[in-house]
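# Breakdown of the fold
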Amino acid sequence: MPDELTTGKDFRDDIQRESVRVAMMQLPTMQTGSFIVALALSFSVREVVSHLNLAVWLVMVLAIVVSRIVLYYRFLRVRAERFDGDYWVKNYLVLTFMSGAFWGLSAFLVFPSGSPGLISLFLLAIASLAAATTVSHSSIRMAPASWTGPVLLLYTIRCVMEGGQFGYTVAALIILYLLAIIRFSFTHNNTIISGIALRFQNLELLAEVQTVNETLRRDIARRKDAEEAL
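Please read all numbers here as calculations on a predicted model, not as lab measurements. (Residues numbered from 1 in each chain as written. Predicted model: local features only at pLDDT ≥ 70, side-chain atom pairs only at ≥ 80, totals over all residues. Heavy atoms only, no water.)

## With respect to the overall build of the protein
- On a plain count of helices and strands, the protein comes out with 8 helices and 0 strands.
- When the helices and strands of the protein are listed from N to C terminus, the series reads α-α-α-α-α-α-α-α.
- Sorting the 230 residues of the protein into buried and exposed places 37% on the buried side.
- Restricting to contacts in the protein with at least 6 residues of sequence separation, those with at least 24 account for 80%.
- Total accessible area computed for the protein in this model is approximately 12900 Å², and 66% of it derives from carbon and sulfur atoms. (Helix = DSSP H or I, 4+ residues; strand = E, 2+ residues; numbered from the N terminus. Buried < 20%, exposed > 50% of the residue type's maximum accessible area, 1.4 Å probe, protein only. Contact = heavy atoms within 4.5 Å. Areas by Shrake-Rupley, 256 points an atom, 1.4 Å probe, with all protein chains shown as cover.)

## Brief notes about a nonpolar patch on the surface
- Among the surface-exposed residues, Leu 105, Phe 108, Ile 157 and Met 161 lie close enough to one another that they form a single nonpolar patch of about 360 Å² accessible area.
- By the secondary structure assignment, Ile 157 is in helix α7 (residues 143–162). (Patch = residues over 30% accessible without salt bridge, like charges linked within 9 Å, V, L, I, M, F, W, Y side chains within 5 Å. Salt bridge = Lys/Arg side-chain N within 4 Å of Asp/Glu carboxyl O.)

## A word on the pattern of salt bridges
- Here the structure, examined in full by the defined rule, presents 5 salt bridges.
- Two residues, Asp 14 and Arg 17, come together in a salt bridge whose shortest N-O distance is 2.6 Å. You can see Asp 14 and its partner Arg 17 sitting in helix α1 (residues 2–24), 3 residues apart, about one turn around the helix.
- Assessed through its relative accessible area of 7%, Arg 17 is described here as buried.
- Look at the salt bridges and you will find they share partners, linking Asp 14, Arg 17 and Arg 82 into a network.

## Quick word on the nonpolar core
- Counting 46 residues, the largest nonpolar core has Val 20, Met 24, Trp 88, Trp 103 and Tyr 155 as its most contacted members.
- Where this core is concerned, the elements lending two or more residues are α1, α2 (27–44), α3 (51–76), α4 (85–104), α6 (116–137), α7 and α8 (164–229).
- Considering each element in turn, this core owes the most residues, 9 residues, to α3.
- Contact partners of Trp 103, with chain neighbours within four places excluded, come to Ser 34, Val 37, Ala 38, Leu 41, Trp 57, Val 61, Ile 126, Leu 129, Trp 147, Val 151 and Tyr 155. (Core = buried A, V, L, I, M, F, W, Y, C linked by side-chain atoms within 4.5 Å.)

## A look at the side chain of Ser 19
- Along the chain, the position of Ser 19 falls in helix α1.
- The exposure class of Ser 19 is buried, given its relative accessible area of 5%.

## Section: the packing of α6 against α7
- Between α6 and α7, the shortest axis-to-axis distance is 9 Å and the interhelical angle comes to 165 degrees. Here α6 lies roughly antiparallel to α7, going by the angle between them. Note on packing geometry: the crossing formed by α6 with α7 is left-handed. Residues Ile 119, Phe 122, Leu 123, Ile 126, Leu 129, Ala 130, Thr 133, Thr 134 and His 137 of α6 pack against Ala 143, Pro 144, Trp 147, Thr 148, Val 151, Leu 152, Tyr 155 and Glu 162 of α7. (Axes fitted to C-alpha atoms, helices over the stretch in contact; angles between N-to-C directions. Parallel < 35°, antiparallel > 145°, perpendicular 65-115°, else oblique. Left-handed = near helix turned anticlockwise from the far one by under 90°.)

## Let's talk about the packing of aromatic side chains
- Inspection of every chain in the model, using the stated rule, returns 7 aromatic pairs.
- Ring centres of Phe 75 and Trp 88 lie 5.5 Å apart, and the angle between their planes is 75 degrees; on these two criteria the pair is classed as edge-to-face. One end of the pair, Phe 75, is in helix α3; the other, Trp 88, is in helix α4, and 13 residues separate them in sequence.
- By relative accessible area, which is 5% here, Trp 88 ends up buried.
- Measuring from ring centre to ring centre gives 6.1 Å for Phe 111 and Tyr 155, while their planes differ by 65 degrees; the resulting arrangement is edge-to-face. Residue Phe 111 is located in the loop between α5 (106–109) and α6, and its partner Tyr 155 is located in helix α7; the two are separated by 44 residues in the primary sequence. Neither Phe 111 nor Tyr 155 differs from the other in exposure class; each is buried.
- The structure contains a cluster of three or more aromatic residues connected by ring pairs, namely Phe 75, Phe 83, Tyr 87 and Trp 88.
- Over the aromatic face of Phe 43 sits the side chain of Arg 46, whose NZ or CZ is 3.8 Å from the ring centroid.
- Over the aromatic face of Tyr 92 sits the side chain of Arg 68, whose NZ or CZ is 5.6 Å from the ring centroid. (Phe/Tyr/Trp six-rings, centres within 6.5 Å; stacked < 30°, edge-to-face > 60°. Lys NZ or Arg CZ within 6 Å of the ring centre and 35° of its normal.)

## Section: α6
- The first and last C-alpha atoms of α6 sit 31 Å apart over 22 residues, in line with the 32 Å expected at 1.5 Å per residue.
- When α6 is considered as a whole, its buried residues turn out to be Ile 119, Phe 122, Leu 123, Ala 125, Ile 126, Leu 129, Ala 130, Thr 133, Thr 134, Ser 136 and His 137. (Expected span 1.5 Å × (residues − 1).)

## Comments concerning the side chain of Thr 133
- Within the secondary structure layout, Thr 133 lies in helix α6.
- Here Thr 133 is in contact with Met 30, Ser 138 and Trp 147, once residues within four sequence places are set aside.

In structure tokens form, the structure reads like this:
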């Protein structure tokens, strides 16, 4: 029984490590893309938002981008080893939450209040990033919620503050979108984890088959040697 428990824990640890590898390998692309989106949004509201606010927000976004890229390069040094999965999951979630909080603050620092067209552009960009984050982060179960939660909740508050039929309607739609995307992230996570587990099981089965084949080859060789000796 203890051996079985140990084997089961090792199997879960292997799955966790692989889920971290899957998420980490997508960090550079996601961070590059998100900063480009931040630059585009800042450029679109440069005439209606304080340049100081734009600079502060861009520095915040750049800081989290750099932090996550540093995490990625640190991970590259250990990804081939049997690293501590819990440690990397915690670091990943903390930086993901901070990224979501910084992006959510755009609803107060650089939000184009009173301009429905620019507000719609912002919401479209945020929704697109939330969808992309859900797909790229889903191998770690709570990672999508750690980003989309603070972003969309802060945008909901900002739209309620905007008031009017437009503001209240958009706020309600954001909440519905948040619930839907978190639900999808859990489903997607289950699919990814099941795929990783199946791959490990197939590799284990292949190793067992190769061991059996090698044993059979040795048995056949011994029998041939015995026949020749007779």
